[in-house]
Number of protein chains: 2
Amino acid sequence: MMKIGSAVEALAALAQETRLSIFRLLVQAGQQGIAAGVLGEKLGIPPATLSFHLKTLAHAGLVKSRTEGRFVIYSADFSAMDKLIAYLTEHCCAGDASRCAPVKKC
Amino acid sequence: MMKIGSAVEALAALAQETRLSIFRLLVQAGQQGIAAGVLGEKLGIPPATLSFHLKTLAHAGLVKSRTEGRFVIYSADFSAMDKLIAYLTEHCCAGDASRCAPVKKC
DNA sequence: TCTACGTTTCCAATATTATAGAAATGTTAA
DNA sequence: TTAACATTTCTATAATATTGGAAACGTAGA
């Protein structure tokens with residue numbers, strides 16, 4: 001079971017326009033991921049700022065990185081995303097099962 | 001379709017331990033909701049602080065309130081929660097359908 | 001080895017957010 | 001109407017986050 005501290009950290013990481021944009025690009029890219037430089041170019045943010053935000057997302061457990069040559073490839077951690085969503089909706093709608101339809105993830 | 005600004009606002013509202021606790025209590029309470037005073041008592045936070053956080057959650061669209069006598073009853077806005085989750089997971093796992101199993105909401 | 005390039009760290013200025021006491025507001029019951 | 005109670009607004013202080021330039025680091029190809 002997720003601890004509240006981890007959930008707050010993950011939510012805080014996502015609660016910032018630049019980081020949310022990064023994360024959504026990575027979610028859409030899937031396991032393949034996107035290189036840091038490509039992200040910076042797509043979003044038009046300077047290297048230092050990008051690095052800061054990626055570090056924040058990685059520390060929150062929402063993204064992983066791997067090195068390929070001199071590129072660092074980032075990708076979303078889908079299991080972390082699922083756990084966060086589960087934490088938010090845990091035991092929801094008690095006594096009102098009609099509101100509890102499954103939500104398709106994508 | 002959700003705008004990024006609304007998503008950031010909702011995530012920021014949830015990215016705070018006190019507010020996340022409030023929201024989860026309200027999610028579990030369902031449509032019935034919980035009075036402001038009861039929330040304050042359950043969580044041990046002073047009235048001014050509670051009011052500040054409830055206002056933040058309400059402004060982000062995550063909670064609704066209704067007045068009953070001299071009590072103000074708060075409840076989670078489940079449709080806002082669903083939209084936020086959909087925004088996060090939108091177009092996820094492109095080209096890797098195996099990771100896209102439906103997630104049950106509760 | 002040397003050079004080029006992608007990425008990260010360091011740092012300082014600026015902006016935003018959390019907290020809670022005290023006072024104000026609004027509602028109910030007597 | 002008056003007194004009691006629930007909740008919100010006002011206000012100031014303290015803590016935390018964002019930004020990007022400059023410099024450092026590490027990898028790859030010549």
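Residues numbered from 1 in each chain as written. Chains lettered and ligands numbered in written order. Predicted model: local features only at pLDDT ≥ 70, side-chain atom pairs only at ≥ 80, totals over all residues. Heavy atoms only, no water.

Engineer: It is not clear to me how the protein's contact with DNA strand C should be interpreted in this structure. Could you clarify?
Structural biologist: A:Gly37, A:Tyr74, B:Arg19, B:His53 and B:Gly69 are the nearest of the 20 residues found near DNA strand C. Sugar plus phosphate: this is where 67% of the atoms of DNA strand C within 4 Å of the protein reside. Between B:Thr49 and DNA strand C, the recorded distance is 3.4 Å, taken from a side-chain N or O atom to a phosphate oxygen. At 2.5 Å from a phosphate oxygen of DNA strand C is found a side-chain nitrogen or oxygen belonging to B:His53. Listed by contribution, the elements that provide at least two residues to the surface near DNA strand C are α3 (36-43), α4 (47-59) and β3 (71-76) of chain A together with α4 (47-59) of chain B. The residue inventory of the surface near DNA strand C, partitioned by class, reads 10 nonpolar, 6 polar and 4 charged. (Near = heavy atom within 4 Å. Polar contact = N/O pair within 3.5 Å; in protein donor to acceptor, adjacent residues only side chain to side chain. Helix = DSSP H or I, 4+ residues; strand = E, 2+ residues; numbered from the N terminus. Nonpolar A, V, L, I, M, F, W, Y, C, P; charged D, E, K, R; others polar.)

Engineer: It is not clear to me how the pattern of salt bridges should be interpreted in this structure. Could you clarify?
Structural biologist: Pairing is possible between side chains that carry opposite charge, provided their charged atoms lie close to one another. Residue and element names in this part refer to chain A. Per the stated rule, a full pass over the model turns up 4 salt bridges over all chains. Residue Arg-66 pairs with Glu-68 through a salt bridge whose shortest N-O separation is 3.0 Å. The class for Glu-68 is partly exposed, based on a relative accessible area of 41%. (Salt bridge = Lys/Arg side-chain N within 4 Å of Asp/Glu carboxyl O. Buried < 20%, exposed > 50% of the residue type's maximum accessible area, 1.4 Å probe, protein only.)

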